[in-house]
Amino acid sequence: MSTTRDWDDLAALIEAVDSHLDANTSATYQAQPLAQDWARVAKVTEEAGEAVDALIGLTGQNPRKGVYGDLDHLLDELADVALATVYAIQHFTKDAGKTLDRIFTRSEVHRGRLAAAAPTVEHPATPPPS
């Protein structure tokens, strides 16, 4: 497994996974593009469910099952959610540059929301009366 971590490698992986998924769906899906769209978006939810299960296991929320798994498992499942989301975006753009640009653009929206939500703390010149 390569440990190279750069945007070009990520873009190539995104395109390779998307091509693989397109080429290896069943004939039923290949004949119905809308079904492929739904499957790609639904995959995000499937992965999110696995992340929830990992959190349930980590915290022991289900008394019948007790504590199972660990933080690494939860983090892996969350990463799978993120990647399934990226692959779903790629399914619609068919261009890794556009896919990554969409993620960066949305991150800027989030940055703006964070800046707008940052609390403003006012320090009065004199303490309020007791």
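Worth saying up front: this structure is predicted, and the values here are computed from it rather than measured.

Cut-off values and rules
- Residues numbered from 1 in each chain as written.
- Predicted model: local features only at pLDDT ≥ 70, side-chain atom pairs only at ≥ 80, totals over all residues.
- Heavy atoms only, no water.
- Core = buried A, V, L, I, M, F, W, Y, C linked by side-chain atoms within 4.5 Å.
- Buried < 20%, exposed > 50% of the residue type's maximum accessible area, 1.4 Å probe, protein only.
- Helix = DSSP H or I, 4+ residues; strand = E, 2+ residues; numbered from the N terminus.
- Contact = heavy atoms within 4.5 Å.
- Salt bridge = Lys/Arg side-chain N within 4 Å of Asp/Glu carboxyl O.
- Expected span 1.5 Å × (residues − 1).
- Arc of directions from axis to C-beta.
- Polar contact = N/O pair within 3.5 Å; in protein donor to acceptor, adjacent residues only side chain to side chain.

A. Inspection of the nonpolar core at higher detail. Residues Ala11, Ile14, Val17, Val86, Tyr87, Ala96 and Leu100 constitute the largest nonpolar core, which totals seven residues. Counting residues per element, the ones that place at least two in this core are α1 (7-23), α4 (71-93) and α5 (96-117). With near-sequence residues (within four places) excluded, Tyr87 lies in contact with Leu13, Ile14, Val17, Asp18 and Arg40.

B. Inspection of unusual backbone geometry at higher detail. Even without glycine at this site, Lys94 takes up a positive phi of about 55°. Of note, Lys94 is situated in the loop between α4 and α5. Since its relative accessible area comes to 41%, Lys94 is described here as partly exposed.

C. Representation of the pattern of salt bridges in the model. All told, the structure shown has seven salt bridges when counted by the stated rule. When the shortest N-O distance is used, the salt bridge between Asp18 and Lys94 registers 2.8 Å. Of this pair, Asp18 sits in helix α1 while Lys94 is found in the loop between α4 and α5, placing the two residues 76 residues apart along the sequence. Of the charged contacts, one joins Lys43 and Glu47 as a salt bridge, the two residues approaching to 3.2 Å between their closest N and O atoms. Within this pair, Lys43 and its partner Glu47 are both found in helix α3 (residues 33-59), separated by four residues, close to a single helical turn. Overall, Glu47 belongs to the buried group, its relative accessible area being 8%. It is possible to trace a salt-bridge network through shared partners that takes in Asp18, Asp22, Arg40 and Lys94.

D. Fine view of α1. Between its first and last C-alpha, α1 extends 24 Å over 17 residues, near the 24 Å set by a 1.5 Å rise per residue. Residues of α1 that are buried include every one of Ala11, Ile14, Val17 and Asp18, and no others. The buried residues of α1 occupy an angular sector of 130° when the element is viewed end-on, so they sit on one face. Along α1, exposed side chains directed more than 90 degrees from the buried face belong to Asp8 and Ala23. Looking at the packing, one finds that the buried side of α1 touches α3, α4 and α5. Where α1 begins, the side chain of Asp6 points an oxygen toward the backbone nitrogen of Asp8, at a separation of 3.1 Å.

E. Geometry of α5. Its 22 residues give α5 an end-to-end C-alpha distance of 31 Å, which sits within 8% of 32 Å, the value for a rise of 1.5 Å per residue. Listed as buried for α5 are Ala96, Thr99 and Leu100. Along α5, the residues classed as buried sweep out an arc of 90° about the axis, all on the same side. Exposed positions of α5 whose direction lies more than 90 degrees from the buried face are Lys98, Arg102, Arg113, Ala115 and Ala116. Along its buried surface, α5 packs onto α1 and α4. Its side-chain oxygen at 2.8 Å from the backbone nitrogen of Gly97, Asp95 defines the N-terminal cap of α5.

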